[in-house]
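What follows is the residue order along each chain.
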Amino acid sequence: MTDTNTQAAEPRASLWRRFWTPSARYALGTLLVAGFIIGVVFWGGFNWALEATNTEKFCTGCHEMKDNVFAEYKQTIHYQNHSGVRATCPDCHVPKDWEHKIIRKIQASKELWGHFITKSIWTKEKFEAKRIELATSEWKRMKATDSRECRNCHNFEFMDFTKQETRAAKKHQEAIDTKKTCIDCHQGIAHRLPEGGYEAYQKLSADMAPQGETEKLRAFASGLGKPVTQ
Amino acid sequence: MRKLMIFAAASAIAATLGIGAVVSEELTTLRGPSPNADVAVSDVAKQEVGNRFERAYRQQPPLIPHQIDRYQIDMRANQCLNCHDWSVAAKQGAPTLSMTHYLGRDGQQLDTVAGTRWFCNQCHVPQADAKELVENKFKPSSEVK
C-alpha cells in the first residue's frame, strides 16, 4: 500500500524538483526573453479580455440585456441628450479602479450561470418578475459605495447650482447637508422602475442606515401611506 | 404559322404598352409628397420653469412649474408621488395632491391616490408660454359676467 503511494507521488515530486532546479540546457537569456514575451502575451491578453467584456456591445450581446434594460436605456438622458456625451453600461455598472473592478467581474460570473444554466430572466415575464430583486441589488451596491460610479462623472464640487432648476439646486444642497448619495433620489433614471420600487428603496435605505439613524428612518418608511401619529 | 407568331408578339407588346400607359396615368407615385420638400415645423415652446402660471379659470388643473420628461408614470410606478403624495409632500416641500384625488370612484375615502387619478399628466401639463395652434376666444366665467 505504501509502495503504490510513493510510486504515484514520485513523478509529481520530480516535476516539482525539475521546476525549481536551475536549467542546464537553456541559456539564462533565452529563458528571460521567452518569459518576457510570454508575460506580455498573457498580461496583454488578460487586459484585452477584460476590456472586451467591458463594452456595451458585449453587454447587449445577450437578449436579456438587449431587449429589456438596454431598450429602456435608449430613451433616457444618459443615452441621448443635448450634448452628445453618453454613458455606456460599464460606466455605471462596472467600477473603474482595478480592485473593485475585478471583484465585480468575478461576481458577474453568476450572470453567466443565470444566462446559460438557470435561464433566470430568459423571457420578458421572468425578467419582470425578477426586476425588483435585480434593481434592489444594484441600488444596494450604489448606496454601499456612495454612488461611486455616478461620481466618476458627476461631482458636487463642480456642480453649478445656479444653473439648475431652483427645485433641483435646493435638493442637491440638502443632499450635501444630510450626506445623501445620488441613488437616494435618482432611482429609475436609466431603467424603468419596478412596481413597489419606491417602498423597496425606503426599506433598503432603512436597513443600511448607520446605527441610531435606523430607527428614525424605519419609522419614516413605515409611516409612508399611513397617517402620522404624533 | 410565322404570321401568327408575329401577330401574337405584336399584340403582347401592344397589351403591355397599353397597360403601362394606364398605370402611369393612374399611379403617379406611391410615396406621397416628395420627401425633399420643406416641411414647416413650428418651434417647440420652451417650458417655463420657476414662476408659477396662474390658472386661466377656476377648475383648471394647475400647471406644472418644472420639467417632467424624466419621470416615470406608468402602471408600475408614479414618480410624481415621491414628492407630491400627501404623506411626503411637507417633507419634500412640494404642494400636496388635492384631497379630491384620494376619493375612489364611488366616493369612498382612500389613503393612497385613487386609481382614476394615477396618470397625473392626463390633466396636469408642464407650463409653457406657447402660442395656441388654433385661434381661441376662451374666457373664464369670471370675466364673462
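Heads up: the structure comes first, above all this text.
In this report, the structure presented in the accompanying data block is examined. (Residues numbered from 1 in each chain as written. Chains lettered and ligands numbered in written order. Predicted model: local features only at pLDDT ≥ 70, side-chain atom pairs only at ≥ 80, totals over all residues.)

## What to know about the overall build of chain A
When helices and strands are tallied, chain A shows 11 helices and zero strands. Helices and strands in chain A line up, N terminus first, as α-α-α-α-α-α-α-α-α-α-α. For chain A, buried positions account for 10% of its 230 residues. In chain A, the share of contacts with a sequence separation of at least 24, taken over all contacts with a separation of at least 6, comes to 57%. (Helix = DSSP H or I, 4+ residues; strand = E, 2+ residues; numbered from the N terminus. Buried ≥ 20, exposed ≤ 12 C-beta atoms within 10 Å, placed from the backbone. Contact = placed C-beta atoms within 7 Å.)

## Structural notes on the overall build of chain B
Check the secondary structure of chain B and you find four helices and zero strands. Along chain B, helices (α) and strands (β) appear in the sequence α-α-α-α when read from the amino end. Split into buried and exposed, the 145 residues of chain B put 7% on the buried side. Excluding contacts between residues fewer than 6 apart, the proportion of contacts in chain B whose partners are at least 24 apart in sequence is 47%.

## Concerning the nonpolar core
Listed in full, the nine residues of the largest apolar core are Ala135(A), Trp139(A), Met142(A), Cys182(A), Ile183(A), Leu193(A), Tyr198(A), Tyr201(A) and Ala77(B). Of all the secondary-structure elements, those providing two or more residues to this core are helix 8 (124–144) and helix 10 (197–208) of chain A. When sequence neighbours within four positions are dropped, the list of residues in contact with Tyr198(A) reads Ala77(B) and Asn82(B). (Core = buried A, V, L, I, M, F, W, Y, C linked by C-beta atoms within 7 Å.)

## Here we look at helix 9 (residues 166–177) of chain A
The end-to-end C-alpha separation of helix 9 of chain A is 17 Å, in line with the 16 Å expected for 12 residues at 1.5 Å each. Where helix 9 of chain A terminates, the next one or two residues include Lys179(A), which has phi positive at roughly 55 degrees. (Expected span 1.5 Å × (residues − 1).)

## Concerning the packing of helix 8 of chain A against helix 10 of chain A
In a packed pair of helices, the relevant descriptors are the angle between the two axes and the axis-to-axis distance. Residue and element names in this part refer to chain A. The interhelical angle for the contact between helix 8 and helix 10, taken along N-to-C directions, is 40 degrees, at an axis separation of 10 Å. In terms of orientation, helix 8 lies oblique with respect to helix 10. For the element pair helix 8 and helix 10, the recorded crossing hand is right-handed. Across the interface between the two elements, Ile-132, Ala-135, Thr-136, Trp-139, Lys-140 and Lys-143 from helix 8 touch Gly-197, Ala-200, Tyr-201, Leu-204 and Met-208 from helix 10. Tallied by class, the residues present in the contact of helix 8 with helix 10 amount to seven nonpolar, two polar and two charged. (Axes fitted to C-alpha atoms, helices over the stretch in contact; angles between N-to-C directions. Parallel < 35°, antiparallel > 145°, perpendicular 65-115°, else oblique. Left-handed = near helix turned anticlockwise from the far one by under 90°. Nonpolar A, V, L, I, M, F, W, Y, C, P; charged D, E, K, R; others polar.)

## Points about the interface of chain A and chain B
Of the residues lining the interface, 14 residues belong to chain A; the matching set on chain B comes to 12 residues. Listing elements by their share of the side of chain A that touches chain B, those giving two or more residues are helix 9 and helix 10 of chain A. Partitioned by chemical class, the residues of the side of chain A that touches chain B number six nonpolar, four polar and four charged.

## As for the environment of Arg141(A)
Inspection of the secondary structure assignment puts Arg141(A) in helix 8. A residue is classified by how many C-beta atoms lie within 10 Å of it, and Arg141(A), with 17 of them, is partly exposed.

## Side note on helix 7 (residues 109–118) of chain A
Helix 7 of chain A sits mainly on the outside: zero of its 10 residues count as buried. Backbone geometry just after helix 7 of chain A places Lys119(A) at a positive phi near 50 degrees.

## Some words on unusual backbone geometry
Residue and element names in this part refer to chain A. Positioned with a positive phi, Lys-119 is a non-glycine residue whose angle comes to about 50 degrees. A positive phi angle, close to 55 degrees, is found at Asp-146, a residue other than glycine. Assignment of secondary structure puts Asp-146 in the loop between helix 8 and helix 9. With 13 C-beta atoms counted inside 10 Å, the residue Asp-146 sits in the partly exposed group.

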